[in-house]
Amino acid sequence: MADELKAENRLESKVVAGAAKFGENRAAMAALLAALRGEEDGIRLGGGVKAAEAQRAKGRLTVRERLALLLDEGTELLELGLWAAFGMYSEYGGAPGAGVVTGLGRVCGRVCMIIANDATVKAGAFFPMTAKKVLRAQRIALENRIPTLYLVDSSGVFLPLQEDVFPDTDDFGRVFRNNAVMSSLGIPQITAIMGMCVAGGAYLPVMTDTVLMTEGSGLFLAGPSLVQAAIGQKTGAEELGGAAMHAEISGTVDFKEPNDHLCLARLRSLVGMMGRRQGSGIRGQGLGIRSAGPGAQGSRLSEPASEVVEEGTSAPFSRIVFDAVRDAPRFAAEELYGLLNPAPGASNVYDMREVIARIVDRSEFDEYKADFGRTLLCGYARIGGRAVGIVANQKTNQSQTVAMGPQAGTKRIEVGGVIYTESAQKAARFIMDCNQNLVPLIFLHDVNGFMVGKDAEWSGIIRAGAKMVSAVSTSVVPKITVIVGGSFGAGHYAMCGKAYDPRFLFAWPTARYAVMSGASAAGTLAEVRAKQMERGGKVLSDAEKKAVYDEIKNSYDAQADPRYGAARLWIDAIIDPAKTREVLMTALEACALNFEVAKFNPGVLQT
């Protein structure tokens, strides 16, 4: 009987892997992924081979070599902000990855936030996007209470752009403020200085709990040249701020290490001795929980199989015993490649349940109000044993009975990807239920926006939309957003866009992220521009109108590309669709490190 009841919430798949359209989509996705991976490999080279050789000539490792030694063997970094500064600062030779590597990695079995300067990129100097990337990493660590490790090798602020790095609220100085706030919240922070640490940047390590420093590194507010210019004093770098001086005289560093290798070994040892702080907030169910070990279906950052979360120490969110093989989705993740045509402007019609079936445990999904507001899917599932609530745009067209207005009682066809009044009402209530029951939320985007027109206005679309936006805004449980396809206009906001504080925001390569699609924007703006020119006495030919349309559309399409958003850190990472489940498992584990859950107070809702 129990098995029969379980089977009721199992999702079925109608994907036909041999279909021509599926094959075309899959081939196009493979080409897009190959291009993206090539570009990512280029970013990971940092300043290039010559700069890496110069780094090694100083007796130092490159940032990627350091990470390989720091992380547990057989694990990988879930890199965040890899695309930061992509296509920017070309007048200065570019800044691959914004000159810093950030992400979640496992060190001695612990999930840590890692922030590591890449000295091959302008000596690790801080560009505006470097500061923004470090601040984003710190914010993720703050929200989720993640231990944070800093590998410092930086010359400080990039002086030609100091006005965009130094003075404002969310500029360079905010990094040190965050160090203090994180410490006050009991979030462990350890810094390893393995190169230069100069000027204002010298405060970062000393604001953290523990400081390691390698011989040959430098830590000073002003280097020898600036000291001589300022006060006329002549001194060498080692005497001014070397490891020996700070270990033996100033007492600033806690551990002096001969080289990078031994410094990283010491850092791993210190992380391994960290205790696990119990939460003072609402507790979980007190289950003895073991997690699955690493496997093909599990997260690379999943906890060791031997680890047991003892009663009273689990986070407040429901989690059950999980087995990576037994509880894997029933359908191959690689089949996600054939669902969407990745071409810009492509009209994709597909059942979002096909995506859900490939990311949730056992492909089981308890759908909420399945027959109401059908252009949004809401429901409960588990990912890696952790309970989640899913809010997802449905991309197939739906038949719905009109509730109000002149056509009340009649049937209408609702366009997939559009949020209608009933959909917004359903989602708002579901989001509130998840907060009431302490269930983290996953938002899967492929949204065109809210419905417009007389019928929509009569049905109260503004009121319903405001209710959904309010529920998202006041939500206190962790929220994770994945942009699968389009994410346009106010629909982006209602589905927990960047401004609504998702703990993480990921995007597939098929994502399109803008106020409206390129075609919609071009149709509107081309007409406006043509009328402006006609008022000036110039009448455009059809060919000229098309040229204007194409120019605007190409510009919008370029800005809607996920690489454009990721370059500006609107997106934390562009992920392989087949790795969506793996990435979500890691993100959910990170979210569960924060035991504190504020009281849910939705405020005044439009009813």
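A brief look at the structure comes next.

How each quantity is defined
- Residues numbered from 1 in each chain as written.
- Predicted model: local features only at pLDDT ≥ 70, side-chain atom pairs only at ≥ 80, totals over all residues.
- Heavy atoms only, no water.
- Phe/Tyr/Trp six-rings, centres within 6.5 Å; stacked < 30°, edge-to-face > 60°.
- Lys NZ or Arg CZ within 6 Å of the ring centre and 35° of its normal.
- Buried < 20%, exposed > 50% of the residue type's maximum accessible area, 1.4 Å probe, protein only.
- Helix = DSSP H or I, 4+ residues; strand = E, 2+ residues; numbered from the N terminus.
- Right-handed = clockwise from strand over helix to strand, strands pointing away.
- Pairing = 2+ DSSP bridges.
- Core = buried A, V, L, I, M, F, W, Y, C linked by side-chain atoms within 4.5 Å.
- Contact = heavy atoms within 4.5 Å.
- Expected span 1.5 Å × (residues − 1).
- Polar contact = N/O pair within 3.5 Å; in protein donor to acceptor, adjacent residues only side chain to side chain.
- Salt bridge = Lys/Arg side-chain N within 4 Å of Asp/Glu carboxyl O.

## Digging into the packing of aromatic side chains
Applying the stated rule across the entire model yields twelve aromatic pairs. Aromatic side chains Tyr493 and Tyr500 sit 6.0 Å apart centroid to centroid with 40° between the ring planes, which places their arrangement in the tilted category. The structure contains a cluster of three or more aromatic residues connected by ring pairs, namely Tyr89, Tyr92, Phe127 and Phe158. Across the ring face of Trp458, the terminal group of Lys454 is positioned such that the distance to the ring centre comes to 5.8 Å. The side chain of Arg568 reaches across the aromatic face of Tyr564, ending 3.6 Å from its centre.

## Topic: the pairing of strand S20 (residues 504-507)
Where burial is concerned, the two faces of S20 agree: the one with Phe504 and Phe506 and the one with Leu505 and Ala507 are both buried. Note on the crossover from strand S19 (residues 479-488) through helix H16 (residues 489-494) to S20: the handedness is right-handed. Relative to strand S22 (residues 573-574), S20 runs parallel, the two sharing two bridges. If you follow Ala507 over to S22, its bridge partner there is Ile574.

## Brief notes about the nonpolar core
Core analysis: the biggest nonpolar cluster contains 71 residues, and Met113, Ile356, Ile390, Leu444, Ile480, Phe504 and Phe506 have the highest contact counts within it. Contact partners of Leu444, with chain neighbours within four places excluded, come to Met352, Val355, Ile356, Ile359, Ile390, Val391, Ala392, Asn393, Val482 and Met495. Counting residues in each nonpolar core, the second largest holds 29 residues, with Cys378, Val391, Leu438 and Val477 among its members.

## A few points about the environment of Glu257
Mapped onto the secondary structure, Glu257 falls in strand S8 (residues 255-257). Discounting residues that sit within four places of it in the chain, Glu257 has contacts with Met213, Thr214, Glu215, Leu262, Cys263 and Arg266.

## Points about helix H11 (residues 260-272)
Compared with an ideal rise of 1.5 Å per residue, which puts 13 residues at 18 Å, H11 spans 18 Å between its outermost C-alpha atoms and is within 8% of the ideal. Between the side-chain oxygen of the N-cap and the backbone nitrogen of His261 there are 3.2 Å, and the N-cap of H11 in question is Asn259.

## A short note on the pattern of salt bridges
A complete count under the given rule lists 30 salt bridges for this structure. The partner of Asp72 in a salt bridge is Arg268, with the nearest N and O atoms 2.8 Å apart. Taken together, the positions of Asp72 in the loop between helix H4 (63-70) and strand S1 (78-80) and Arg268 in helix H11 put the pair 196 residues apart, joining distant regions of the chain. For Asp72, a relative accessible area of 14% translates into the label buried. Between Arg139 and Glu143 there is a salt bridge, with the nearest N and O atoms lying 3.2 Å from each other. Pair noted here: Arg139 and Glu143 are both in helix H5 (residues 128-144), with a separation of four residues, about one helical turn. Under the relative-accessibility criterion, Glu143 is labelled buried at 18%. Through salt bridges with shared partners, one network takes in Arg10, Arg326, Asp327, Arg362 and Glu364.

## A word on unusual backbone geometry
Although it is not a glycine, Ala123 adopts a positive phi angle of roughly 55°. Residue Ala123 is classed as partly exposed on the basis of its relative accessible area of 40%. Phi is positive for Ser363, close to 55°, though the residue is something other than glycine. Inspection of the secondary structure assignment puts Ser363 in the loop between helix H12 (353-356) and strand S11 (366-367).

## With respect to the pairing of S19
Most of S19 is tucked away, with ten of its ten residues classed as buried. Here six bridges tie strand S17 (residues 441-447) to S19, and the two strands are oriented parallel to one another. Paired with His445 across the strands is Ile483, a residue of S19. As paired strands, S19 and S20 are joined by four bridges and run parallel to one another. Bridge pairing links Ile480 to Phe504 in S20. Here S19 runs beside strand S21 (residues 512-514); their pairing, made up of three bridges, is parallel. The partner of Phe488 across the bridge, within S21, is Ala514.

## Focus on helix H20 (residues 580-591)
The end-to-end C-alpha separation of H20 is 16 Å, in line with the 16 Å expected for twelve residues at 1.5 Å each. In terms of residue burial, H20 counts as a mostly covered element, since twelve of its twelve residues are buried. Among the residues of H20, Thr580, Arg581, Glu582, Val583, Leu584, Met585, Thr586, Ala587, Leu588, Glu589, Ala590 and Cys591 are the ones counted as buried.

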